[in-house]
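Descriptive analysis of the structure
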Amino acid sequence: MSNKCMRFILLAALVGLFLVLSISACRTSAKSSAVDYRGEMRKFVVSIARTARLSSPSFAVIPQNGQELIESEPIDSADESADKAAAGELDGADIETYMDAVSGTGREDLYFGYEADDKATPEAVSSYMKNFCDAFKAAGKKVLVIDYCSTPPSVDFSYAQNYKNGYISFAADERNLTNVPAYPSAPFNENGDPILSVADAKNFLYLINPERFSSKEDFIAALCKTNYDMFIVDLFCADEKLDFSDVQRLQVKPNGERRQVIAYMSIGEAETYRYYWNESWKRSKPAWLKKENPLWKGNYKVAYWHPEWQKIIFGTEDSYLQKILDAGFDGVYLDIIDAFEYFENSGH
């Protein structure tokens, strides 16, 4: 074989090797730059819990929806499985850490409201949701269900079925969560016991939009008259923040016994009506601010794993979580946990 031919073969081999290495590098780069949306949400929730418990060891953390976080993200190939295992990311540790960090789970629309308010959720969907709720219950976590229904037969069915399942529930007569429902006239499973933790609660009220109340005082006074074991309320009443004395009042049942007061906080969307909102973001979006939610005007999807967004939520003196802690709440109810599904499905 001539030297010229040998040089050609050697050159071809080198080119081939270069292409193989380049493709491999591209794949590695793509994998390393891809966001593990489920894992990032788990880490976000765990960080919130750990930060809060540094100052309040018994602080409750209850994520709403997104129960699929206790399920591994689908793995596309054996190669990816090997990569995740090598990185210590396969199944186990972060899911277990997440489950240890949360005090319970909230589930909307289990029996009513999935397709429309006061309409029964399809049985297959209920069954799917219930399997995840039961996994939390089996792990010793409180399961809170919010069904959106208003007619007495639907309300009665919701309370009875959730009680049978071993969950506590609230039948909301409208989705904006603006009022104390007139029916039933007293909380389901009403009791006079002291409620010293979320685990003790046998019922709850979910009222995060107090627009029907004339003032903060009117709102607090109305809730104090009720006998619910636990309130899930917003940190703000209109533009007024609930302060430490306000929360202390809410923590007392009419009979003088203690109840739990939990603060609502959305961590998967930014809301234009919150104290942290900057109007300039509409003209020049920060890297973490994404599309507006078409179903809820003024709510914007966020890259919740981004450090700038997380600093708004926790870890600084002016963070949302710190304001909740300073007000003396017993815990936090985290919404838009299922934001990971938006990113998985949209390809962002």
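This write-up is about the structure you can find in this document. Computed from a predicted structure; not experimentally measured.

About the criteria used
Residues numbered from 1 in each chain as written. Predicted model: local features only at pLDDT ≥ 70, side-chain atom pairs only at ≥ 80, totals over all residues. Heavy atoms only, no water. Helix = DSSP H or I, 4+ residues; strand = E, 2+ residues; numbered from the N terminus. Buried < 20%, exposed > 50% of the residue type's maximum accessible area, 1.4 Å probe, protein only. Contact = heavy atoms within 4.5 Å. Areas by Shrake-Rupley, 256 points an atom, 1.4 Å probe, with all protein chains shown as cover. Axes fitted to C-alpha atoms, helices over the stretch in contact; angles between N-to-C directions. Parallel < 35°, antiparallel > 145°, perpendicular 65-115°, else oblique. Left-handed = near helix turned anticlockwise from the far one by under 90°. Nonpolar A, V, L, I, M, F, W, Y, C, P; charged D, E, K, R; others polar. Pairing = 2+ DSSP bridges. Salt bridge = Lys/Arg side-chain N within 4 Å of Asp/Glu carboxyl O. Polar contact = N/O pair within 3.5 Å; in protein donor to acceptor, adjacent residues only side chain to side chain. Arc of directions from axis to C-beta. Phe/Tyr/Trp six-rings, centres within 6.5 Å; stacked < 30°, edge-to-face > 60°.

Things to note about the overall build of the protein
- Helices and strands together make up the secondary structure of the protein, namely 12 helices and 13 strands.
- Here the protein holds 348 residues, and the buried ones make up 46% of them.
- Excluding contacts between residues fewer than 6 apart, the proportion of contacts in the protein whose partners are at least 24 apart in sequence is 75%.
- For the protein, the accessible area works out to roughly 17100 Å², and carbon and sulfur atoms hold 54% of it.

A closer look at the packing of helix 2 (residues 37–55) against helix 12 (residues 339–346)
- Between helix 2 and helix 12, whose axes approach to 9 Å, the crossing angle comes to 160 degrees. Considering their axes alone, helix 2 and helix 12 lie roughly antiparallel with respect to each other. Considering only the axes of helix 2 and helix 12, their crossing is right-handed. Residues Y37, R38 and M41 of helix 2 touch helix 12, and the partners they reach there are A339, F340, F343 and E344.
- Considering only residue class, the contact of helix 2 with helix 12 consists of 5 nonpolar, no polar and 2 charged.

What about the sheet that holds strand 2 (residues 104–108)?
- Ordered in space as 2-3-4, the 3 strands form an open sheet in which the pairing is parallel. Both outer strands of the open sheet, strand 2 and strand 4 (168–172), are each paired with one neighbouring strand and no more. Ignoring strand direction, the axes of neighbouring strands in this sheet form an average angle of 15 degrees.
- As judged from the 5 bridges shared by strand 3 (residues 142–148) and strand 4, these two strands associate in the parallel manner.

Digging into unusual backbone geometry
- The peptide bond linking Y183 to P184 adopts the cis configuration, its omega dihedral lying at -5 degrees.
- Mapped onto the fold, P184 is located in the loop between strand 4 and strand 5 (205–207).
- Within the chain, D118 stands out as a residue other than glycine whose phi angle is a positive 70 degrees.
- Positionally, D118 belongs in the loop between strand 2 and helix 5 (123–138).
- When its relative accessible area of 24% is taken as the criterion, D118 is described as partly exposed.
- At L177, a position not held by glycine, the phi torsion is positive, near 55 degrees.

Some remarks on the pattern of salt bridges
- Inspection of every chain in the model, using the stated rule, returns 17 salt bridges.
- The salt bridge partner of D193 is K202, with a shortest N-O separation of 3.1 Å.
- Residue classification places D193 among the partly exposed residues on the basis of a relative accessible area of 35%.
- Several salt bridges converge on common partners, so that one network encompasses R38, E71 and E344.

Quick notes on the sheet that holds strand 13 (residues 331–335)
- Read across the open sheet, the 5 strands follow the order 1-13-9-6-5; overall the sheet is parallel. The open sheet has two edge strands with one neighbour each: strand 1 (60–63) and strand 5. Recorded for the sheet is a direction-independent mean angle of 25 degrees between the axes of neighbouring strands.
- Here strand 9 (residues 260–266) runs beside strand 13; their pairing, made up of 5 bridges, is parallel. Pairing of I262 across the sheet is with G331, part of strand 13.
- Across the sheet, helix 2 lies against strand 1 and strand 13, angled at about 160 degrees from strand 1, the strand it touches most.

Regarding the environment of T105
- Note that T105 resides in strand 2.
- With 38 residues separating them in the primary sequence, T105 and V143 have C-alpha atoms 5.2 Å apart.
- Leave out the neighbours within four places in its chain, and T105 touches I62, P63, Q67, F136, K142, V143 and L144.
- There is a polar contact of 2.7 Å between the side chain of T105 and the side chain of Q67.

Looking at helix 12
- All buried positions along helix 12 are accounted for by A339, F340 and F343. Down the axis of helix 12, the sector holding all buried residues measures 105 degrees, keeping them to one side.
- In this structure, the buried residues of helix 12 make contact with helix 2, strand 11 (289–292) and strand 12 (299–302).

Section: the packing of aromatic side chains
- Within this structure, the stated rule accounts for 24 aromatic pairs.
- Summarising the aromatic geometry, the rings of Y163 and F188 are spaced 5.8 Å apart at their centres and angled 75 degrees between planes, so their arrangement reads as edge-to-face. Here Y163, found in helix 6 (residues 152–165), pairs with F188, found in the loop between strand 4 and strand 5; they are 25 residues apart in sequence, far enough to count as distant.
- We classify Y163 as exposed; its relative accessible area is 51%.
- Summarising the aromatic geometry, the rings of W305 and F343 are spaced 5.0 Å apart at their centres and angled 75 degrees between planes, so their arrangement reads as edge-to-face.

Geometric values such as these leave the question of function open.
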